[in-house]
Amino acid sequence: ITPEQLELSREATLDQGKRLTDVLQARRYISREVLTTVLSFMLNLPVVNLRQVKIAPKALGLIPEKFAREHEILPIALGPVGELQVVMESPNDFRLTSELRAMTERTIRPARLPPPGNPTGPVGVADHSGRGGRFLLAADLRLHLHHRL
């Protein structure tokens, strides 16, 4: 994107109360796929394909199902030193990550799902929320929570 597009989008976030990433996508300056890839790289945040992951029962057992559903998170693995990898819609949600750390007494390693429509991502998911495209990842996660928990 150009510096001008970025500046216009930043102004729109203030006027409309939307996230910058949502404005950039709505204006078609950047696709969800590119955004996910760039953010994943910049934040050292893995993108997890749930079709290829065997979820560890011990990881699932660390977070109560009700809490996982309410916060649309999915604990998937324990790392070599006991850290907990959790797929979440907003991996930069410091409050939620802190709450998970206190609840589990483990380091939390957030991860994201692939973008909606990505051939390696979850299938059969529709956005019934009426809130727009950014909730597709949450819908993906809800679908997998329903089948996994």
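Calculation rules
Residues numbered from 1 in each chain as written. Predicted model: local features only at pLDDT ≥ 70, side-chain atom pairs only at ≥ 80, totals over all residues. Heavy atoms only, no water. Salt bridge = Lys/Arg side-chain N within 4 Å of Asp/Glu carboxyl O. Buried < 20%, exposed > 50% of the residue type's maximum accessible area, 1.4 Å probe, protein only. Helix = DSSP H or I, 4+ residues; strand = E, 2+ residues; numbered from the N terminus. Pairing = 2+ DSSP bridges. Axes fitted to C-alpha atoms, helices over the stretch in contact; angles between N-to-C directions. Contact = heavy atoms within 4.5 Å. Core = buried A, V, L, I, M, F, W, Y, C linked by side-chain atoms within 4.5 Å.

Evaluated as defined, the whole model comprises four salt bridges. Notably, a salt bridge pairs R19 with D22, separated by 3.4 Å at the nearest N-O pair. The exposure class assigned to D22 is buried, which follows from its relative accessible area of 16%. A salt bridge links R95 to E99; the nearest nitrogen and oxygen atoms lie 3.1 Å apart. Taken together, the residues span about one helical turn, with R95 and E99 both in helix α6 (residues 94–104) at a distance of four residues. What makes R95 partly exposed here is its relative accessible area of 48%.

Within the open sheet, the three strands sit side by side as β1-β2-β3. Their pairing is mixed. Of all the strands in the sheet, the pair left with one neighbour each is β1 (73–78) and β3 (108–111). When strand polarity is set aside, the average angle formed by the axes of neighbouring strands in this sheet is 30°.

Looking now at the side chain of S9. With respect to the element layout, S9 can be found in helix α1 (residues 3–16). Residue S9 is classed as buried on the basis of its relative accessible area of 0%. Excluding residues within four positions of it along the chain, S9 makes contact with L20, V23, L24, R27 and Y29.

Of all hydrophobic cores here, the largest spans 11 residues; its members are A59, I63, F67, A68, I73, L84, V86, M88, L96, L100 and I108. For this core, the elements supplying multiple residues, two or more each, are α5 (65–71), β2 (84–88) and α6. Of all hydrophobic cores here, the second largest spans nine residues; its members include L50, L60, A111 and L113.

With that settled, consider the environment of I108. Mapped onto the fold, I108 is located in strand β3. As a C-alpha pair, I108 and G82 span 26 residues in sequence and 9.5 Å in three-dimensional space. Look past the residues within four positions of I108 in its chain and what remains in contact with it is L84, V86, T97, L100 and R101.

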